[in-house]
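Take a look at the letters that make up each chain.
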Amino acid sequence: MRIVSVVGTRPQLIKAAALQPVLRRDHAEIFVDTGQHYDEAMAGSFFDELGLARPDYSLGLGGGGHGEQTGRMLIALEPLLGDLAPDAVLVYGDTNSTLAGSLAAAKMGIPVAHVEAGLRSFDRRMPEELNRIVADHLATWLFAPTSAAVSNLASEGISGGVTEVGDLMLDLAARMSATLREPAALAEVAERLDLKLLPGRYLFATVHRAENRSPEAMAAWAALLGAAATADRPVVLALHPGTAAALSGAGIRLPDGVLVVEPQGYRTSLTLQLHAAAVLTDSGGVQREAAWLGVPCLVLRTSTEWVETVSGGDTSSVLVGLDREMAARELAARAPIGTSEERAAERARNLSLKGAGTADRISAVLAGADGTTGASGTAP
Ligand code: UD1
Ligand code: UDP
């Protein structure tokens, strides 16, 4: 099958790195990057690090408000898809690039494959929730990562074309995991960042959600991170440039004990998570990775699409929103000072991640739809 993949943001480059080798083995892929993320640290560096092919088309359409950004992408994608005339357009997740890719394709009668279909936060104030609902309702193939996602789709009347395939990002995390375990992996990161980082003696954080960029929300999470940090256990915050700009626009200074670093590469992000005492984040990807790595994770949101990570007996993640007292309580319970060094060391020693085989499953469903083999996905 001739497939145009549309990406644009950091997590989509990461997901594409997991799928692309298999997609290119079985199909003809044309790789389109909208350029929604454009900084070297948010986008460029991932190509070399993850062995991702350079895009066949780089549209350079980052920045701007939602309507403007999505509109520019639609304007660029429509003629491009017309010229390329693919059999399918494949989109990942819930970003504006996904909205534009799926909408442009569907309006031209090109079948859409949606990876990470069916996720819902049930909060329509989130731009991502709107994007994923539209993408799911336009898609021909819906690749759901979890059984909860399959149920969400069923309750919206979507069952044809749905396949539960597991989580693509687990494939990549598993591929990388053998290189993270040794304390030397953390020592190398610490040296590069010029920080003193010992296993279990720091907290790792990321914050980028739109709802966490209002002045009130930023003041609240800044105070929460400041309260979580101690002299012996600082917070390392890998700061998204959009959040950095919002903080500086609102004149908010982060408390002492919160050590801000640039966005990091994928392997560094996993390394910083694995060896931390705990992770604090509003990222969907980091939340899942922390769960796979077994690191306690405080989710700086009041809802999540990844319900499995915060329910059930063996979970180490918890939704704390921006509630400072709750965060302090949960941190004390899940990563008590005094034992977190030993727990982090044990976690790293025992790390053994297995891939979900998701890339192979997605590719096989698409190959089946090509008319060659049977598949659970419904062909157009
Ligand atoms: C986007 C996605 C979000 C995803 C996140 C991953 C949407 C609606 N949101 O949010 O679902 O979780 O990516 O990180 O698509 N900026 C830079 N340099 C960059 C990229 C962004 O400076 O390389 C700044 C710009 O000021 C930009 C702002 O960040 O306007 C927001 O970027 P944008 O891509 O619109 O949304 P994200 O917040 O990154
Ligand atoms: N990530 C990274 N560098 C960082 C922070 C995160 O490589 O400094 C990775 C992280 O490990 C995960 C992905 O980016 O694989 C998550 O992307 P992001 O948090 O931007 O978006 P979300 O998952 O919330 O859509």
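For the structure itself, look to the data block above.
Residues numbered from 1 in each chain as written. Chains lettered and ligands numbered in written order. Predicted model: local features only at pLDDT ≥ 70, side-chain atom pairs only at ≥ 80, totals over all residues. Heavy atoms only, no water.

**Brief notes about the nonpolar core**
Next, step 1: By size, the foremost hydrophobic cluster in this structure holds 63 residues, and its most contacted members are Leu19, Leu90, Trp141, Phe143, Tyr266 and Leu366.
Next, step 2: In terms of residue count, helix 1 (residues 10-26) provides more of this core than any other element does, eight residues in total.
Next, step 3: Listed in part, the 27 residues of the second largest apolar core include Val207, Met218, Val235 and Ala335. (Core = buried A, V, L, I, M, F, W, Y, C linked by side-chain atoms within 4.5 Å. Buried < 20%, exposed > 50% of the residue type's maximum accessible area, 1.4 Å probe, protein only. Helix = DSSP H or I, 4+ residues; strand = E, 2+ residues; numbered from the N terminus.)

**Examining the site of ligand 1**
Next, step 1: What surrounds ligand 1 is a group of 21 residues, the closest being Gln36, His37, Asn96, Glu128 and His240.
Next, step 2: The separation between an oxygen atom of ligand 1 and a polar side-chain atom of Gln36 is 2.8 Å.
Next, step 3: When the free accessible area of ligand 1 is taken as 740 Å², the share hidden by the protein chains comes to 85%.
Next, step 4: For the shell around ligand 1, the elements supplying multiple residues, two or more each, are helix 3 (66-84), helix 5 (127-138) and helix 10 (241-250).
Next, step 5: A breakdown of the residues in the shell around ligand 1 according to their chemical character gives five nonpolar, 11 polar and five charged. (Near = heavy atom within 4 Å. Polar contact = N/O pair within 3.5 Å; in protein donor to acceptor, adjacent residues only side chain to side chain. Areas by Shrake-Rupley, 256 points an atom, 1.4 Å probe, with all protein chains shown as cover. Nonpolar A, V, L, I, M, F, W, Y, C, P; charged D, E, K, R; others polar.)

**Focus: the packing of aromatic side chains**
Next, step 1: Evaluation of the coordinates by the stated rule reveals zero aromatic pairs.
Next, step 2: The ring of Trp306 has Arg288 lying over it, and the distance from NZ or CZ to the ring centre is 3.6 Å. (Phe/Tyr/Trp six-rings, centres within 6.5 Å; stacked < 30°, edge-to-face > 60°. Lys NZ or Arg CZ within 6 Å of the ring centre and 35° of its normal.)

**Concerning the site of ligand 2**
Next, step 1: What surrounds ligand 2 is a group of 19 residues, the closest being Gln264, Ser269, Ser283, Gly285 and Glu289.
Next, step 2: For ligand 2, an oxygen atom lies 2.9 Å from a polar atom in the backbone of Gly284.
Next, step 3: Secondary structure elements with two or more residues in the shell around ligand 2: helix 1, helix 11 (266-274) and helix 12 (284-293).
Next, step 4: It is helix 12 that contributes the most residues to the shell around ligand 2, four residues altogether.
Next, step 5: Residue classes in the shell around ligand 2 are distributed as eight nonpolar, eight polar and three charged.

**Notes on the sheet that holds strand 10 (residues 258-261)**
Next, step 1: Strand order in the open sheet formed by six strands is 10-9-8-11-12-13, with parallel pairing between adjacent strands. Edge positions in the open sheet fall to strand 10 and strand 13 (317-319), since each of these has one partner strand only. Direction aside, neighbouring strands of the sheet carry axes that sit 20 degrees apart on average. (Pairing = 2+ DSSP bridges. Axes fitted to C-alpha atoms, helices over the stretch in contact; angles between N-to-C directions.)

**What about the packing of helix 1 against helix 7 (residues 168-177)?**
Next, step 1: Running from N to C, helix 1 and helix 7 cross one another at 85 degrees; their axes reach a closest spacing of 8 Å. Looking at the two axes, helix 1 sits roughly perpendicular to helix 7. Contacts from Ile14, Lys15, Ala17, Ala18, Leu19 and Pro21 of helix 1 reach helix 7 at Leu168, Met169, Leu172 and Arg175.
Next, step 2: Partitioning the contact of helix 1 with helix 7 into residue classes produces eight nonpolar, no polar and two charged. (Parallel < 35°, antiparallel > 145°, perpendicular 65-115°, else oblique. Contact = heavy atoms within 4.5 Å.)

**Re the pattern of salt bridges**
Next, step 1: This structure, assessed with the given rule, holds 22 salt bridges.
Next, step 2: Here Glu116 and Lys15 are joined by a salt bridge, their closest N and O atoms 3.1 Å apart. You can see Glu116 sitting in the loop between strand 5 (112-115) and helix 5 and its partner Lys15 sitting in helix 1, a full 101 residues away along the chain.
Next, step 3: One salt bridge in this structure joins Asp56 and Arg24, with 3.8 Å as the shortest N-O distance. Here the residue Asp56 occupies a position in the loop between helix 2 (40-50) and strand 3 (57-58), and Arg24 occupies one in helix 1, the gap between them amounting to 32 residues. (Salt bridge = Lys/Arg side-chain N within 4 Å of Asp/Glu carboxyl O.)

**Notes on the pairing of strand 1 (residues 2-7)**
Next, step 1: Extensive coverage of strand 1 is indicated by the burial of five of its six residues.
Next, step 2: In terms of handedness, the path from strand 1 via helix 1 over to strand 2 (residues 28-33) forms a crossover that is right-handed.
Next, step 3: Pairing of strand 1 with strand 4 (residues 88-92) involves four bridges; the strand directions are parallel. Note on strand 4: the bridge partner recorded for Ile3 is Ala88. (Right-handed = clockwise from strand over helix to strand, strands pointing away.)

**Observations regarding helix 2**
Next, step 1: Along helix 2, the residues classified as buried are Ala41, Met42, Ala43, Gly44, Phe46, Phe47 and Leu50.
Next, step 2: Buried residues in helix 2 make contact with helix 1, strand 2, helix 7, helix 10 and helix 11.
Next, step 3: Within two residues after helix 2, Gly51 carries a phi angle of roughly 65 degrees, on the positive side.

**Observations concerning the sheet that holds strand 2**
The strands that make up a sheet pair up through hydrogen bonds in the backbone, lying either parallel or antiparallel.
Next, step 1: Spatially, 3-2-1-4-5-6-7 is the arrangement adopted by the seven strands of the open sheet, whose pairing is parallel. A strand with exactly one partner marks an edge of an open sheet, and here the two such strands are strand 3 and strand 7 (162-164).
Next, step 2: Against the sheet, helix 6 (residues 147-155) touches strand 6 (141-144) and strand 7, its axis set at about 160 degrees to strand 7.

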